[in-house]
Amino acid sequence: MSALDLPLREQAAQIAGGDLDAGELLDACLARIEERNPDLNAVVATFPDRSREMLDQAPDGPLRGVPVLIKDEWPLPWRAETVGAASVPGVTTEPGESGPYRALRDAGAVIAGVANMHELGASSTGNTSLYGAAHNPWDLDRCPGGSSSGPAAAVAGGLVSGAVGADGLGSIRYPAAYCGLTGLKPTFGRSAMEGHHIANTETIVSGPLCRDAADCRLLASALFGEELEAGWGEGARQRNPFDEGLRIGVIRDPYWSDSAPGVSEACEAALEALRAEVGGEVTEVGLPDLELILPAALLVAQSEEAAHLVPRVLNELNPELGLINRGVLKLRAVLPLSLTARGFKLRAKVRRDLAALFDEVDLLAWPAVPAVAPPLAEPMIELPSGVESADSGNARQGVLANLTGVPGVSVPVGLDGGLPAALQLLGPWGSDAALLDAAEAFERATDREFVELRPATVA
Amino acid sequence: MEGESAFQSYLDGALGTFGIDADEDERAVMLGVWSLYEPGIQLLRDADLDGIEPEMRPDLSKPPAR
């Protein structure tokens, strides 16, 4: 096995121990990208000289010498982000030291390249980008998920063992789910975000996509600027659920009942395995206004870019921008403010209701995506309620975390028709480490069966 | 904005008012996206949110003050 196929933490440990040459690891990574990226289209830029410079100057941090990728959503000192688009409407992007870049650099990591993403981050599928779609290593004709399509395809495809994505309406968790990875959407505000083109965002966070929870913990710690130690965090909870029994809440309808049967069954089995491993109970719970959460989240999120979307900008959109984004951007500009204001009102109510629910349960759980990765050419999914777009089905499962600020993790739990299925766990604000504890407990319960699965294209 | 024709009228008016150009294909996208999310948005429009105020400068890294 190549050292490139080791977990991030093993790579870091072997480099620190003098058992692995970081320069050779970087060379292997760049060669692997050259070999596999023509099929995956996960990486849109490499810069070997810059990467070697980072390696030469790498401080003695927890990721010293380890190659990683970063989504095309932040600037680097030598490259402006493109956000997967011919241009970013109303924004001039420039090279610079973004927060995630600094976090990786200060941890000693080596940025081996920039990863593809869905154009302007506007879909859960990843099927549209300035650079062409990234491809799912499990089936190259399937969506890798979006908008962090490249980070997911790259890690699942074995180009690197970890990548930094961004999650504004589920954009780390959907691609992690589609590609069989573990992906953490951190609590809002905990991870580095400086330099993002939406400076005033209240929904988007940076976060890790890796093959398992321990690697997510390591990469997230770099992005947080603090070590994510196991547990619920000082003062976060009065009781330690891992000592006293985990109270897992499930909201059946629609999150479970309207997921594809194979996905629901895999998630049910995972939930039972987790419960059996840590003790505790799974109980059915409710949250008011479920049907209002998706429209509210969309309205709140779209308002963050509103200042850029003035008529002059909209009338001069780059013609290379995809048709769907051109239409959606113009639609967003004419939505009544009264609707957006109701979105913010609802956010206040949902945050209160969710805080009260987290007095009763430690975690919430449901399928991260309601169906496995759909075809790139036609991203529709078949659910018990009928056939619908993957975007609307996925967003229904994912946006609660972004609307309210709580963390969420997508955990691989098996295959449905040969494609990955995933369970999503949500926890209270600040419980990022505990979510990863739960993900690791599930890995133990299943002898790491699902995090060790590899797509045939890279096996 | 009840139904597609009402929304189409609104859309035509709003685009005209703000001076935003949109070709036929872009309008088709707008109508398609609106039809996808309209049911939820109508529910939000009609929801009883009286007495609920948005949080002022919320700290979204923490639960709301109670």
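Residues numbered from 1 in each chain as written. Chains lettered and ligands numbered in written order. Predicted model: local features only at pLDDT ≥ 70, side-chain atom pairs only at ≥ 80, totals over all residues.

Chemist: Honestly, the overall build of chain A in this entry has me stumped. Any pointers?
Modeler: A count of helices and strands for chain A gives 16 helices and 13 strands. A compact globule built from 459 residues should have a C-alpha radius of gyration of about 23 Å, and chain A, at 20 Å, falls within 12% of that. Dimensions of chain A, computed from C-alpha atoms along their principal axes, come out at roughly 55 × 55 × 40 Å. A separation threshold of at least 6 residues defines the contact pool for chain A, and within that pool the share at least 24 residues apart is 77%. (Helix = DSSP H or I, 4+ residues; strand = E, 2+ residues; numbered from the N terminus. Rg over C-alpha atoms; globule rule 2.2 N^0.38 Å. Contact = placed C-beta atoms within 7 Å.)

Chemist: Sorry if this is basic, but what is going on with the pairing of strand 6 (residues 205–210) of chain A here?
Modeler: Every other side chain in a regular strand lies on the same face of the sheet, so the side chains alternate between the two faces. All names here are of chain A. Buried residues dominate strand 6, accounting for six of its six residues. Residues Val205, Gly207 and Leu209 line one face of strand 6 and the alternating positions Ser206, Pro208 and Cys210 line the opposite face, and both faces are buried. Bridge count between strand 4 (residues 162–167) and strand 6: six bridges; the pairing is antiparallel. Following the sheet pairing, Ala166 is matched in strand 6 by Ser206. (Buried ≥ 20, exposed ≤ 12 C-beta atoms within 10 Å, placed from the backbone. Pairing = 2+ DSSP bridges.)

Chemist: Even after reading the chapter, I still don't get the interface of chain B and chain A, so can you show me in this structure?
Modeler: Reports often express the size of an interface as the amount of accessible area lost when the parts come together. The interface of chain B with chain A comprises 33 residues on the first partner and 40 residues on the second. Elements that contribute at least two residues to the side of chain B that touches chain A include exactly helix 1 (3–18) and helix 2 (24–46) of chain B. Residue composition of the side of chain B that touches chain A, by class: 22 nonpolar, three polar and eight charged. (Nonpolar A, V, L, I, M, F, W, Y, C, P; charged D, E, K, R; others polar.)

Chemist: What exactly am I supposed to notice about helix 1 (residues 8–16) of chain A here?
Modeler: Residues three or four positions apart in an α-helix share a direction because the helix packs 3.6 residues into each turn. All names here are of chain A. Taken together, the buried positions of helix 1 are Leu8, Arg9, Gln11, Ala12 and Ile15. Down the axis, helix 1 shows its buried residues gathered within 160° of arc, on one side only. Following helix 1 by one or two positions, Gly18 adopts a phi angle in the positive range, close to 80°. (Arc of directions from axis to C-beta.)

Chemist: For this particular structure, what's the right way to read the sheet that holds strand 4 of chain A?
Modeler: For sheets, the rule is that strands pair by backbone hydrogen bonds, running either parallel or antiparallel. Residue and element names in this part refer to chain A. Across the sheet, eleven strands lie side by side as 1-3-2-4-6-5-12-13-9-7-8; this open sheet has mixed pairing. Looking along the sheet, the strands with just one partner apiece sit at the ends: strand 1 (43–45) and strand 8 (280–284). The mean angle between the axes of side-by-side strands here comes to 30°, regardless of whether they run parallel or antiparallel. The pairing of strand 9 (residues 363–367) with strand 13 (residues 419–426) spans four bridges and is classified as antiparallel. (Axes fitted to C-alpha atoms, helices over the stretch in contact; angles between N-to-C directions.)

Chemist: How should the environment of Glu378 of chain A be read in this particular structure?
Modeler: All names here are of chain A. Locating Glu378 in the fold gives a position in the loop between strand 9 and strand 10 (380–383). Glu378 gets classed as exposed once you count the C-beta atoms within 10 Å, which come to 10. For the pair Glu378 and Arg142, spaced 236 residues apart in sequence, the C-alpha separation works out to 9.2 Å.

Chemist: Whenever I open this one, unusual backbone geometry confuses me. Can you help?
Modeler: Note: most peptide bonds trans; most residues except glycine with negative phi. All names here are of chain A. Residue Gly146 is joined to Ser147 through a cis peptide bond whose omega torsion reads 5°. Assignment of secondary structure puts Ser147 in the loop between strand 3 (110–115) and helix 5 (149–156). At the junction of Asp253 and Pro254, the peptide bond is cis and its omega measures out at 15° in the coordinates. With respect to the helices and strands, the residue Pro254 is situated in helix 9 (residues 252–256). Positive phi is not limited to glycine here, since Leu120 has a value of about 55°. You can see Leu120 is positioned in the loop between strand 3 and helix 5.

These values are about where atoms sit, not about what they do.
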